[in-house]
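What follows is the residue order along each chain.
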Amino acid sequence: MPDNPTTDADRRASLVRLLRAAYPHPKFPDGPYERTADEILSQSQATLWHQLALTNGLDALDARAGGSFADLDDEAALALLKEIEDAEFFVFIRGVAVVTLYNDHETWELLGYEGPSFDKGGYLHRGFDDLDWLPSPRIEEYDGPEQLVEVAPDDMPAATAGDQR
Amino acid sequence: MSENSLGQPIPHDEEAVVIVGSGAGGGTLAYELTAKGIPCVVLEAGPYLKPEDYENDEWAAFNQMAWLDNRTASGSFRVARDFPNLPAWIVKAVGGSTTHWSGATPRFRAYEFQTRTYYGEIEGANLLDWPITLDDLAPYYDRAEIAIGSTHRHGRPALPANNNYKVFANGAEKIGYRFYATGPYGTNAEPYDGRPASVQDGFNFQGDKSTAKWSTAVREIPRALETGKLDLRPESQAVQVTHDAQGRANAVLYLDKDGNLHRQAARIVCVAGNSIESPRLLLMSASALHPDGLANSSGQLGRNYMRHTTGSVYARFDRPVRMYRGETMAGIVADEARQDTSRGFAGGYYMETLSLGPAFLAAFVDPGSWGPGYTEVLDAYENTAGLWIVGEDMPQETNRVTLNTALKDQWGLPAPDVHFDDHPNDVAMREHGYSRADLMYEAVGAVGTHHTPPYPATHNLGTCRMSARPEDGVVDKWGQAHDVPGLFVSDGSVMTTGAAANPTLTIVALAIRQAERIADQLGKGEL
C-alpha cells in the first residue's frame, strides 16, 4: 500500500472528470455525471476483477497525468483517454456510462426528450405534427401518372422477357 | 401444479394441434384454427404481458420483454463484436415480436418470389425460387391486411404526418421520389376492429399500451381464448419435438416455469418460435431417424439465415424536429424497392421513418463510440430526423443458426449461435441506401448526417426454407416438413428468400394460408 493512498472520494472525482471528458455535453450539470459515476462504482463492486481494474486504471490515469487526472483541461484529458481507449477499465466504464448517462431523466430533458407519453394522452394534442418549417407533405400513396418499374428492362430474365410486366 | 395455463384445458395425452410460439405466425395460426373449432395447445416461452404491463421506457421495456436467454453471435458482422450475446432483438412474451413490431406492412413484390430466376447466379448466394408466387399469396395478403387493419388498404384511412415524416417525405419529394406515404401501417388511424385510434404516443418497440397497434397479443390470442378451443401455456419452453416409429411428429416435450418437464401429445406440431428458436428446437430434436436434426435431410436446417440489409441515418437540422413524437415508422419510401442492377446490386430496399429515444440512440447510434463526435449526435437530439433502410439480403448457406454446445441456457440446453457475414451485395445495397438518405435529408437542409450500422436483428428469416424439392429446403409450399409428416413450420423461418419488405404481413398471410390447409387436411383425415 502506498503511504498516502488515493481516497474513494478522489477516485469518484476522477471518474466524474473522466466522464465529462469522454462524454462532453456543455449543457449538462454535474448531477448526471455524478449519478453515472456512482453507478459505475456500484457495478464495479460486483466482481473483484472490475473493482481492481477500475481502481488501478484510475490511479494509472493520475500517474500519467503527472499527479491528478482531474486537474487536466478538456483537451489534455481527451488526449490521454484516446491513448488508453482499449484499456479494460475504460471499456467497462463506457459500457455502463452509455446505458446510464443517457437513461437519466435530467439528461432527457436537457436533450429535449419528453419521456413517457401515454399517460399524458400521447402527442396527439401535444405537438406530434407541430413542425412548421416544411410544407405539409402528402400522406396518401402516389396516384399520379408515373409507374414504379418493379424490374428494370435490362433485368428481365431472358427466358420470360416479354410476358412479365 | 406449477403449470401456467389459460383458456380451455386440454389433457396432456390428448393429441391436439400443438403450436410452439404465439407471435405473428403461431398466434395467427392458433386463432385461425380455433375459430374453425380445432383444439390447439400453444406453448409460449414468455409470460402473458398485457398492454397495462408495457412500459413507456426503452430500457425498462427491453428488460421486460426482450429475449435475453443466452445466445451468441459469430461471423464478421459488427453485431458480433458490439453485442456478442444479442444477435437479435426479438420478444419473449405472448404475442411474440408482434408486441414490439413497428407496423410497416408492405407486400412482397412478384419478382421477390423468384429471385433465382430474376437475379440469376450470384456468387456466394444460395438463391432459390419460392415454390409459391405472389398470385398464390395475394388472397391471404388481403386477409392479413384486414386482420391487421393496415392503413391505406381495404378502406382504412392513412395516418397523419408526424414531425419525422414531414422531414422524410419533403426530402423524398425533393429528390424525385414518388412512392412515399404514411403507410401501409398496422396501427389504427381511426377506431377499427374494437381497438382505438393512435394517440401518437411514440412507443412501439416497447409494446403499445393504447392497443391501436395490431399484435397477436391484443387480437388473435384473446379471440382464440374466447373460442373455448385454446389452451394457452405461457412460460413454457419447448425442448424437443418427438416422432413415432413411423417418423410422424407425435408430441412436444417442454419445461414449465419451474423447470418441470412435460409431454404434450400432438396430432400435428407447428413450430413458430422465430428464425433462431425454430431451427434450434428442430436441431435439439435430433433422433436416430434424424441424426442431424429433425427434418434436416437436406442439410439446410438452420442455414440461409437472413436478417435484412439494414442501416439507419440520423440527420441533424438547425431547427427542431422532435422525431420521437408520434408513430415511429409511419413513413415509407418504396421507390428503391425494385430490381435494377444498374444501381450495383440485386434486390431492393425500403426507407422508413425511425426514431429512438436518447437511451437507445446512445447505445446503438455507433456502438463503442465516445468523445466529442459522439456527443455531437446526441446534443442534436431535438433537431434530429431518422430513417431506417431495410432491404433484401442474400441467403448464404454459411449464415446459419447452430447449437453452441459450449454455452447453455438457464435450463441447461445448448444456446443458439447465430453466424453471419455480409454478402458484398448486402454491403453495396446498404451504401446505396445511406447515400440516398443523405440526399433526401440534405435536400431539406440537413447540417449533418450520421450513418448507424445494423442493430441486433428484428427481422430474422429463412432458417427452415420452403422449397419445391426436398433436397433444397426444409419445408414444402405449405410449410410442412419434407421429411416429417405432421410437422409444420409457421413463422418467418420458412422464407425461401427475404424480399425487401418488413416480414410480419407476409408471416401472417402465410399462417392464414397454412391454417386453411391444415383445417382442410384434418377435415379429410389426411393429417
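Residues numbered from 1 in each chain as written. Chains lettered and ligands numbered in written order. Predicted model: local features only at pLDDT ≥ 70, side-chain atom pairs only at ≥ 80, totals over all residues.

1. With respect to the overall build of chain B
- A count of helices and strands for chain B gives 12 helices and 17 strands.
- Computed over the C-alpha atoms, the radius of gyration of chain B is 22 Å, within 12% of the 24 Å expected from 2.2 N^0.38 for a compact globule of 527 residues.
- C-alpha atoms of chain B, sized along the principal axes, occupy 70 × 50 × 45 Å.
- Split into buried and exposed, the 527 residues of chain B put 63% on the buried side.
- Contacts in chain B between residues at least 24 apart in sequence constitute 75% of all its contacts with a sequence separation of at least 6. (Helix = DSSP H or I, 4+ residues; strand = E, 2+ residues; numbered from the N terminus. Rg over C-alpha atoms; globule rule 2.2 N^0.38 Å. Buried ≥ 20, exposed ≤ 12 C-beta atoms within 10 Å, placed from the backbone. Contact = placed C-beta atoms within 7 Å.)

2. Quick look at the interface of chain A and chain B
- Each partner contributes to the interface: chain A provides 47 residues, whereas chain B provides 57 residues.
- In terms of residue class, the side of chain A that touches chain B is built from 27 nonpolar, 10 polar and 10 charged. (Nonpolar A, V, L, I, M, F, W, Y, C, P; charged D, E, K, R; others polar.)

3. A word on the sheet that holds strand β14 (residues 400–408) of chain B
All names here are of chain B.
- The mixed open sheet is built from three strands, whose spatial order is β4-β15-β14. The open sheet is flanked by β4 (72–74) and β14, the only strands paired with a single partner. Neighbour-to-neighbour, the strand axes of the sheet open up by a mean angle of 35°, direction not taken into account.
- Here β14 runs beside strand β15 (residues 414–419); their pairing, made up of six bridges, is antiparallel. (Pairing = 2+ DSSP bridges. Axes fitted to C-alpha atoms, helices over the stretch in contact; angles between N-to-C directions.)

4. A short note on the sheet that holds strand β13 (residues 384–391) of chain B
All names here are of chain B.
- In space, the six strands of this open sheet follow the order β5-β11-β12-β13-β10-β16, with antiparallel pairing throughout. Sheet topology places β5 (180–181) and β16 (448–452) at the edges, where each strand pairs with a single neighbour.
- Inspection of the sheet shows strand β12 (residues 349–353) paired to β13 by five bridges, in the antiparallel sense. Residue Glu352 lies in a different strand from β13, and its bridge partner there is Trp388.
- Helix α6 (residues 163–174) rests against β5, β11 (332–333), β12 and β13 of the sheet, and its axis sits at about 65° to β13.

5. As for the packing of helix α1 (residues 8–22) of chain A against helix α2 (residues 30–44) of chain A
All names here are of chain A.
- Packing of α1 against α2 brings their axes to within 9 Å, and their N-to-C directions diverge by 120°. On the basis of their axis angle, the class for α1 and α2 is oblique. Relative to α2, the crossing made by α1 is right-handed. Taking contact as the criterion, the partners of Arg12, Leu15, Val16, Leu19 and Arg20 in α1 are, on α2, Asp30, Tyr33, Glu34, Thr36, Ala37, Ile40 and Leu41.
- Classifying every residue of the contact of α1 with α2 by side-chain character gives seven nonpolar, one polar and four charged. (Parallel < 35°, antiparallel > 145°, perpendicular 65-115°, else oblique. Left-handed = near helix turned anticlockwise from the far one by under 90°.)

6. Details of the environment of B:Asn4
- For B:Asn4, the location among the structural elements is in the segment before β1 (6–7).
- What B:Asn4 contacts, discounting residues up to four positions off in sequence, is B:Arg233, B:Pro234, B:Glu235, B:Asp256 and B:Lys257.

7. What to know about the environment of B:Pro131
All names here are of chain B.
- Position of Pro131 relative to the elements: it lies in the loop between α4 (115–119) and α5 (134–148).
- For Pro131, a count of 18 C-beta atoms within 10 Å corresponds to the partly exposed category.
- Residues Pro131 and Ser467, 336 residues apart in the sequence, show an inter-C-alpha distance of 5.6 Å.
- In this structure Pro131 touches Met466, Ser467, Ala468, Asp476 and Lys477, once residues within four positions along its chain are discounted.

8. Section: unusual backbone geometry
All names here are of chain B.
- Residue Gly183 is joined to Pro184 through a cis peptide bond whose omega torsion reads 5°.
- Even without being a glycine, Glu235 presents a positive backbone phi close to 50°.
- Within the secondary structure layout, Glu235 lies in the loop between β6 (230–233) and β7 (237–243).
- Take Glu235: there are 20 C-beta atoms within 10 Å of it, and that puts it in the buried class.

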